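# Remarks on the overall topology
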Amino acid sequence: MKALKTLIEECRSGEADYQALIDRVPYARFLGIQVIAQGDELTFVLPKHDNVVGNPTLPALHGGAVAGFMEQAAIIFILLQMGEPKVPKTIDFTIDYLRAGLFRNTYAECSVTRLGRRIANVHISAWQKNRQEPITIARAHFLLSDDGSTD
Amino acid sequence: MTEKTLPYTRLDICNRFLESVRHSVVLGLEVVSATEECVRVRMPWRDDLVGNPETGVMHGGAIFAMMDQAGGMAITCRTFPTFEITPTIDFRVDHLRSPGKGRAVVCEAKCYRLTTHVAFVSVTTWEEEGDDEPIATGLATYTRLKIDKAGTVVGQ
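Residues numbered from 1 in each chain as written. Chains lettered and ligands numbered in written order. Predicted model: local features only at pLDDT ≥ 70, side-chain atom pairs only at ≥ 80, totals over all residues. Heavy atoms only, no water.

### Considerations on the packing of aromatic side chains
Under the definition given, this model contains six aromatic pairs over all chains. Measuring from centroid to centroid gives 5.8 Å for F93 of chain A and F64 of chain B, while their planes differ by 85°, and the two rings are edge-to-face. Of this pair, F93 of chain A sits in strand β3 (residues 89–97) while F64 of chain B sits in helix α3 (residues 60–79), on two different chains. One exposure class covers both F93 of chain A and F64 of chain B, and it is buried. Between Y8 of chain B and F80 of chain B the ring centres are 6.2 Å apart and the planes differ by 85°, which places this aromatic pair in the edge-to-face class. Pair noted here: Y8 of chain B is in the segment before α1 (10–20) and F80 of chain B is in the loop between α3 and β5 (88–95), with a separation of 72 residues, a long-range link. Taken as a pair, Y8 of chain B and F80 of chain B share a single burial class, namely buried. Among the aromatic side chains, those forming a connected cluster through ring pairs are F93 of chain A together with F64 and F91 of chain B. (Phe/Tyr/Trp six-rings, centres within 6.5 Å; stacked < 30°, edge-to-face > 60°. Helix = DSSP H or I, 4+ residues; strand = E, 2+ residues; numbered from the N terminus. Buried < 20%, exposed > 50% of the residue type's maximum accessible area, 1.4 Å probe, protein only.)

Dropping the structure here:
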């Protein structure tokens, strides 16, 4: 497997597809996450799929699958901004469910509120019909470096 | 009908609820126990749920999904024998430390307050047969939808 740093540099320069970065992560493949790049802007996609259904009678997406999708989107988003890329560890993840996730494709975009040396704060928004009507919003903290930690 | 004469237990209803949720079935979730006070749910380690391929640690999203499902079932145990649809309003999970590669995880969810419209839930997750240090804690609220025939989801 190509070194993570090499792959990220190739993604940034356009030599490699962002999808290759996502496909490195087994859980991201399990959810079927895709990425659409428009220049430097990234939109993540959770394609509608039987395996991410929660309530079958509506049918509605599983809130846990949507949360996992958003967390993974944030991880990839931060990785692409790190000078020395290392998979960030999730410290906490907080999600608000605003609307039912219908059985259709879900999109997510991330914004880094603060990228510190050790900790990043990221906001993630997910929508289905249009981005002005998010189905969920989330906020997460990630540990970027655990140098000096005994863990 | 009193609880003792009901043809099903809390564990039966939780199992039926879980079986109706496709994503939870695909994650391999199992209900370990279900009482009025708490629900225990187990998720086996699987290589397709790994979040960091370099360490083999399970993805936080999979752990989140288990905790969210367990929270819903903790409410099911409080409203028993009536089954309700209870979408999550918000959920915060703190990842205290990483579970070991290859380790199954178990969580315990409690609905510690049930009001007319809102349920308050706490969830703690450990490595199965690990020491007593939790790997994750969660705090959530759910809303109680007033839907007729919600019980059909669990065969009532």
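Structure's up, so let's keep going.
### Overview of the nonpolar core
Counting 96 residues, the largest nonpolar core has F44, F93 and I124 of chain A together with M43 of chain B as the members making the most contacts within it. No other element matches helix α4 (residues 63–79) of chain A, which puts 12 residues into this core. Setting aside chain neighbours within four positions, we find F93 of chain A in contact with A67, M70, E71, I124, A138, R139 and A140 of chain A together with F64, F91, R92 and V93 of chain B. (Core = buried A, V, L, I, M, F, W, Y, C linked by side-chain atoms within 4.5 Å. Contact = heavy atoms within 4.5 Å.)

### A short note on the interface of chain B and chain A
Every contact between the two is made by 34 residues of chain B and, on the other side, 34 residues of chain A. Taken together, both faces of the contact between chain B and chain A bury some 2,600 Å²; the carbon and sulfur share is 56%. For D92 of chain A, the salt bridge goes to R92 of chain B, with nearest N and O atoms at 3.3 Å. Looking at the side of chain B that touches chain A, the element that brings in the most residues is β5 of chain B, giving eight residues. Grouping the amino acids of the side of chain B that touches chain A by side-chain chemistry returns 13 nonpolar, 12 polar and nine charged. (Buried area = accessible area lost by both parts, 1.4 Å probe. Salt bridge = Lys/Arg side-chain N within 4 Å of Asp/Glu carboxyl O. Nonpolar A, V, L, I, M, F, W, Y, C, P; charged D, E, K, R; others polar.)

### Details of helix α1 (residues 4–13) of chain A
All names here are of chain A. Every buried residue of α1 is accounted for by L4, L7, I8, E10 and C11. Across the axial projection of α1, the buried residues extend over an arc of 160°, all falling on one side. If you follow the buried residues of α1, they end up packed against α2 (18–22) and α4. Positive backbone phi, at 90°, marks G14, one or two positions downstream of α1. (Arc of directions from axis to C-beta.)

### As for the pattern of salt bridges
A side chain with one charge can pair with a side chain of the opposite charge if their charged atoms come near. Under the criterion given, the structure shown has 13 salt bridges over all chains. The residue R131 of chain A makes a salt bridge to E109 of chain A at a minimum N-O spacing of 2.4 Å. In this pair, R131 of chain A sits in the loop between β5 (119–127) and β6 (134–143) while E109 of chain A sits in strand β4 (residues 106–115), placing the two residues 22 residues apart along the sequence. Classification of R131 of chain A as partly exposed rests on a relative accessible area of 39%. A salt bridge links R42 of chain B to E30 of chain B; the nearest nitrogen and oxygen atoms lie 3.1 Å apart. Placement of the pair is R42 of chain B in strand β2 (residues 39–43) and E30 of chain B in strand β1 (residues 30–34), with a sequence separation of 12 residues. A single network of salt bridges, built from pairs that share partners, joins D92 of chain A together with R92 and D94 of chain B.

### Remarks on the confidence of the model for chain A
In low-pLDDT regions, the fine details of the predicted coordinates are not to be read closely. Overall, the predicted model of chain A reaches an average pLDDT of 91, with 96% of residues at or above 70. The secondary structure element of chain A with the lowest average pLDDT is α1 of chain A, at 88, and the one with the highest is β6 of chain A, at 98. (pLDDT = per-residue confidence, 0-100.)

### Section: the state of the cysteines
Applying the stated criterion to the full structure yields zero disulfides over all chains. Cysteine C11 of chain A is unpaired, with the sulfur of C110 of chain A as its nearest cysteine sulfur at 15 Å. (Disulfide = S-S within 2.5 Å.)

### Focus: the sheet that holds strand β8 (residues 136–143) of chain B
One open sheet accounts for 12 strands, arranged β1(A)-β2(A)-β4(A)-β5(A)-β6(A)-β3(A)-β5(B)-β8(B)-β7(B)-β6(B)-β2(B)-β1(B); its pairing is antiparallel. Each having just a single partner strand, β1 (34–38) of chain A together with β1 of chain B make up the two edges of the open sheet. Looking at each pair of strands side by side, their axes are set apart by 20° on average, direction ignored. Pairing of β5 of chain B with β8 of chain B involves seven bridges; the strand directions are antiparallel. (Pairing = 2+ DSSP bridges. Axes fitted to C-alpha atoms, helices over the stretch in contact; angles between N-to-C directions.)

### What to know about the pairing of β8 of chain B
For strand β7 (residues 118–127) of chain B and β8 of chain B, the ladder comprises eight bridges, and the chain directions are antiparallel. Note on β8 of chain B: the bridge partner recorded for S122 of chain B is L139 of chain B.

### Section: the packing of α1 of chain B against α3 of chain B
Residue and element names in this part refer to chain B. Remark: α1 packs on α3, axes separated minimally by 10 Å, with the N-to-C direction vectors making an angle of 140°. Classified by the interaxial angle, the pair formed by α1 and α3 is oblique. For the pair α1 and α3, the sense of crossing is right-handed. In contact with R10, I13, C14, F17 and L18 of α1, α3 contributes Q69, G72, M73, T76 and C77. (Parallel < 35°, antiparallel > 145°, perpendicular 65-115°, else oblique. Left-handed = near helix turned anticlockwise from the far one by under 90°.)

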